[in-house]
Each structure stands twice: as structure tokens, then as C-alpha cells.
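# Summary of the model geometry
Listed here are the chains, written in short residue letters.
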Amino acid sequence: MSYKYFENKDCEFYPCHNSENINCLFCFCPLYLIKNCGGNFNVIKESNGKDIKDCSSCLIPHKAENYDYIIKKLSER
Ligand code: SF4
């Protein structure tokens, strides 16, 4: 465990993705509002016609080695 990584196996949603060693630090991805986040999201249409990201197949925020990538992306804003 470090300031870049922790895993909460007691979470009711764990494991939220099909992966070992899920970093829970960025449970809600801080890059969600960035269009070119670098993740492999799909765009789906809500019932109100609005496009939203479906990030269910992306593991960027949940890998410890991506901490610096996320901080860098946020600092570019
Ligand atoms: S979870 Fe992945 S695809 Fe979704 S916003 Fe974050 S980086 Fe982008």
C-alpha cells in the first residue's frame, strides 16, 4: 500500500472490473470529463439522447502504475 495505491476488498462492488490488483484510489475516474482521456471507452446514448462514456472495459484508473499518467493528464487542464 502507498499513497498511489490501495485496494478495498471489503467494498460491496469489489471487484468492479475483471482484473487482479484493482487500485481503488481513483474509484471514480478523474479523467471522465476529459474527451481524450486515453482510455478505451465506448460511447453510449442515454434515454434522454445524451452521449455518455461507458468505461467498463477500461482499467487505466485501477492500475497503480497509471497514477503518474492520471496526475499528468489532470495537470494539463
Ligand atoms: S475510465 Fe478509462 S475510458 Fe473512462 S474516463 Fe477514465 S481513462 Fe477514460
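Anyway, here's the lowdown on the structure attached to this text.

Conventions we followed
Residues numbered from 1 in each chain as written. Predicted model: local features only at pLDDT ≥ 70, side-chain atom pairs only at ≥ 80, totals over all residues. Helix = DSSP H or I, 4+ residues; strand = E, 2+ residues; numbered from the N terminus. Buried ≥ 20, exposed ≤ 12 C-beta atoms within 10 Å, placed from the backbone. Contact = placed C-beta atoms within 7 Å. Near = placed C-beta within 6 Å. Nonpolar A, V, L, I, M, F, W, Y, C, P; charged D, E, K, R; others polar. Pairing = 2+ DSSP bridges.

With that settled, consider the overall build of the protein chain. Regarding its fold elements, the protein chain presents 1 helix and 2 strands. Helices (α) and strands (β) of the protein chain occur, in sequence order from the N terminus, as β-β-α. Taken along its principal axes, the extent of the C-alpha atoms in the protein chain is 40 × 30 × 15 Å. The buried share of the protein chain, reckoned over its 77 residues, is 12%. Intrachain contacts of the protein chain at a sequence separation of at least 6 include 37% that bridge at least 24 residues.

Moving on to the environment of Asn 40. Within the element layout of this structure, Asn 40 appears in the segment before strand 1 (42-45). For Asn 40 and Asp 10, which are 30 residues apart along the polypeptide, the C-alpha to C-alpha distance reads 27 Å. Asn 40 has contacts with Ser 57 and Cys 58, leaving out every residue within four places of it along the chain.

Taken together, Cys 29, Leu 31, Tyr 32, Cys 37, Gly 38, Gly 39, Phe 41, Lys 53, Cys 55, Cys 58, Ile 60 and Pro 61 form the complete shell of residues around the ligand. Across the shell around the ligand, the residue classes break down as 9 nonpolar, 2 polar and 1 charged.

Our focus in this paragraph is the pairing of strand 2 (residues 51-54). The pairing of strand 1 with strand 2 spans 4 bridges and is antiparallel. Looking across to strand 2, one finds that Ile 44 is bridged to Ile 52. In textbook terms, the turn of a hairpin is the stretch between consecutive antiparallel strands, and for strand 1 and strand 2 this stretch comprises 5 residues, one of which, Gly 49, has a positive phi near 90 degrees.

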